[in-house]
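A look at the structure
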Amino acid sequence: MKLGCCYYPEHWPESIWAEDARRMRKMGLSLVRIGEFAWSRIEPEPGHYDWDWLDRAIDTLAAAGLKVILGTPTATPPKWLLDSMPDMVAIDENGRPRGFGSRRHYCFSHEGYRAECRRIVTALATRYGNHPAIVIWQTDNEYGCHDTVLSFSVAAAAAFRNWLAARYGAVEALNAAWGNVFWSMEYRAFAEIDPPHLTVTEANPAHWLDYRRFASDQVVSFNREQVDILSALSPGRDITHNFMGFFTEFDHHAVGRDIDVATWDSYPLGFLEQFWFSSEEKHAFLRQGHPDIAAFHHDLYRGCSNGRWGVMEQQPGPVNWARFNPAPLQGMVALWTLEAAAHGAEFTSYFRWRQAPFAQEQMHAGLLRPDSSEAEAAPEVRAAAAALADIGLQAAAKAPVALVFSYEAAWTIGIQPQGQSFRYLELVFEAYSALRARGLDVDIVAPHADLSGYRMVWVPSLPIIPEGLTEKLAGLACPVLLGPRSGSKTVSFGMPEGLAPGALRDIIPLTVTRVESLRDGSGEAGEGWAVTRWREDVASDLAPEMTDASGRGVVFRSGPVRYCAIWPDRAFLRLIVERMAGEAGVHLLDLPAGIRVRRSASHAFTFNYAAEPVFVPHLDKALAPASWHIAPL
Ligand code: GAL
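Residues numbered from 1 in each chain as written. Predicted model: local features only at pLDDT ≥ 70, side-chain atom pairs only at ≥ 80, totals over all residues. Heavy atoms only, no water.

Quick notes on the overall build of the chain
For the chain, the count of helices and strands is 18 helices and 23 strands. Judged by the C-alpha coordinates and their principal axes, the chain covers about 75 × 70 × 40 Å. The 633 residues of the chain split such that 60% are buried. Here the contacts in the chain between residues at least 6 apart in sequence split such that 71% fall between residues at least 24 apart. Element-wise, carbon and sulfur atoms account for 53% of the exposed surface of the chain, whose accessible area totals about 23800 Å². Charge-centre separation for the chain: the mean point of 58 positive side chains lies 3 Å from the mean point of 74 negative side chains. (Helix = DSSP H or I, 4+ residues; strand = E, 2+ residues; numbered from the N terminus. Buried < 20%, exposed > 50% of the residue type's maximum accessible area, 1.4 Å probe, protein only. Contact = heavy atoms within 4.5 Å. Areas by Shrake-Rupley, 256 points an atom, 1.4 Å probe, with all protein chains shown as cover. Lys, Arg positive; Asp, Glu negative; His and termini not counted. Charge placed at Lys NZ, Arg CZ, Asp CG, Glu CD.)

Okay, here's the thing in structure tokens:
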């Protein structure tokens, strides 16, 4: 796995570029990402390009032996561009324009802005497409960051109407699909339809789901326009986009199909602080990050782009954007780097080379401090580089378990949670974590993925069953788990004929007759576990495999297929993992808290995410905090 960093030559005097490049090489870095926010320097005046500085920056980095990842600057259109078409900004759900003065101030549907993006990307790719140092192009930066996928602009509304007309053909078909007879919501023409915001109370969930699908398609087509230009003008180079953590606002599997390498930005401490983790976990993993946060995304994004993936931004120290921004435990930056290698990353690039002493991110650590002295992460990068040199290139092997992940499921449940603690991402993450806690490697796959060859298939929840999936599942001989709400919606957000789980009844004969959501801690007990958050009443001729204390069935099983009718708590997940693994003949480990293992095609890695030394039975020795053990397989 290669190492790299994110560098902003435009932030520093040219006189230090060569020394920076030399120090990068000395630290063990061979890649450098530049350019993704530099539009105002590349084109200071409309139509007047200033390539000289960028030519020299690329040549200086190349002369030191670095390969360059060049970003297209479309996440930061300059002020003059915005002033030339003020309606290019996104409009938020409350109808307010999103102004200039930070970044991502554009609407994916604005045709004028799209034309400007094609122009700047064409100019950049014409200039550098055949430069020998350029090895990867990054499109834009973090689509959707700062809540920017959904826009309610005039341009978005017009594009949505076209999208609907193409999808439904006739407005009567749309009315029928959405159930618009309800509350007299019927339309006489596509031209009458607005985005689903600013309604008096909730808009029709079918309206919202189509708006989310539309908005996701806009991201996909925006990205594809850049990919088409870059691949035509810069043949032989890889194209990537840097995805975010715990982010489901567009279909990453769809964007992934258009790029060569999926990358993501890994900020384990920021994510632990910002997401649903308990305060106990936030304390226990304050400086290490929850042991499954990075791994979950490694496995998710590996499944987004034919297995080729990397980390574009790795947290090197305290960040500036979470509620609290602790420093990593000494050793964690190296450990996170090796965790990426263990999952088969092609590269890990640290964000950023040097901390900026100005503007929004001045409190965000880099590998160097603003005064160019080495920050705490620098020796860790050298340690990671040395460990990587010892083990050589790591390839990911097919995991025994497939965990099915669906962006559409995230939208569907997000639009209609029915209980405020029913969070799709959390449900999937908890399943992942339960599998990883028993030492299992996991591939997180799209619903359309090939499921053959897995020894266990886990579908945490999938309200809308894509065409062909039931048949595919029926063909599997391995244990399959279907989680709550699976098959509970049609493609147009209605209830399926014959009730949930709809088409899945072909593989497990049961009917969900009622659902209820519950406050945490208020459900029935089971044996060592509890019903919490969600429970379904199930009618079936099958005798339940597991029941709660009152005798109600919570797990039903027909051959290798199980249906789980509750939100599974951790103890329950542990039981299910044991049962399925037992049937699949998959070996489980009993890992102490904070310990995780991951096998690449050639090596077994063991990591300690705990803040204290932990004795690891399978190694028969203790691992210090933030340390690892690597053994050839
Ligand atoms: C990412 C972003 C970077 C930088 C970083 C700070 O979300 O892509 O440009 O802002 O966060 O942690």
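After presenting the structure, the write-up continues.
Section: the state of the cysteines
On inspection of all chains with the given rule, the structure shows zero disulfides. Among the cysteines around Cys145, which has no disulfide bond, Cys6 carries the closest sulfur, lying 14 Å off. The closest cysteine sulfur to the non-disulfide-bonded Cys478 is located on Cys564, 17 Å from its own sulfur. Looking at Cys478, the relative accessible area reads 11%, which means it is buried. (Disulfide = S-S within 2.5 Å.)

Remarks on the site of the ligand
Residues in contact with the ligand, as listed here, are Phe37, Arg103, Asn141, Glu142, Asp265, Tyr267, Glu313, Trp321, Phe351, Glu361 and His364. One of the side-chain N or O atoms of Trp321 is found 2.8 Å from an oxygen atom in the ligand. In the model, an oxygen atom of the ligand is placed 2.3 Å from a nitrogen or oxygen of the Glu361 side chain. For the ligand, whose free accessible area comes to 310 Å², the fraction covered by protein is 95%. For the shell around the ligand, a count of residues per class yields four nonpolar, two polar and five charged. (Near = heavy atom within 4 Å. Polar contact = N/O pair within 3.5 Å; in protein donor to acceptor, adjacent residues only side chain to side chain. Nonpolar A, V, L, I, M, F, W, Y, C, P; charged D, E, K, R; others polar.)

Remarks on the sheet that holds strand S5 (residues 238–243)
Strand order in the closed barrel formed by eight strands is S1-S2-S3-S4-S5-S6-S7-S8, and the pairing between neighbours is parallel. In this sheet, adjacent strand axes meet at a mean angle of 25° when their direction is disregarded. The pairing of strand S1 (residues 2–6) with strand S8 (residues 347–350) spans four bridges and is classified as parallel. Across the sheet, residue Cys5 finds its bridge partner in S8, namely Tyr350. Across the sheet, helix H3 (residues 52–63) is in contact with strand S2 (31–34), strand S3 (67–71) and strand S4 (134–138); its angle to S2 comes to roughly 165°. (Pairing = 2+ DSSP bridges. Axes fitted to C-alpha atoms, helices over the stretch in contact; angles between N-to-C directions.)

What about the sheet that holds strand S12 (residues 480–482)?
Here seven strands make up an open sheet; going across it, the order is S10-S9-S11-S12-S17-S16-S15 and the pairing mixed. Strands at the two margins of the open sheet, each flanked by one partner only, are strand S10 (442–445) and strand S15 (546–547). Sheet topology places S12 next to strand S17 (residues 561–564); three bridges connect them, and they run parallel. Looking across to S17, one finds that Val480 is bridged to Val561. Against the sheet, helix H16 (residues 424–437) engages strand S9 (401–404), S10 and strand S11 (456–459), with an angle of about 170° to S9. Each of S11, S12, S15, strand S16 (553–558) and S17 touches helix H18 (residues 570–584); the most contacted strand, S11, lies at about 150° to it.

Quick look at the packing of aromatic side chains
Considering all chains together, one arrives at 50 aromatic pairs under this definition. Judged by centre distance (6.2 Å) and plane angle (80°), the ring pair of Phe152 and Trp208 falls under edge-to-face. Separated by 56 residues along the polypeptide, Phe152 in the loop between S4 and helix H6 (154–168) and Trp208 in helix H8 (residues 205–233) bring together distant segments of the chain. Residue classification places Phe152 among the buried residues on the basis of a relative accessible area of 8%. With 5.3 Å between their ring centres and 25° between their planes, Trp276 and Phe277 make a pair best called stacked. By relative accessible area, Trp276 is classed as buried at 17%. Overall, Phe277 belongs to the buried group, its relative accessible area being 5%. Taking the ring centre of Trp12 as reference, the NZ or CZ of Arg354 above it sits at 4.4 Å. In this structure, Arg485 packs its charged tip against the face of Trp534, placed 4.2 Å from the ring centre. (Phe/Tyr/Trp six-rings, centres within 6.5 Å; stacked < 30°, edge-to-face > 60°. Lys NZ or Arg CZ within 6 Å of the ring centre and 35° of its normal.)

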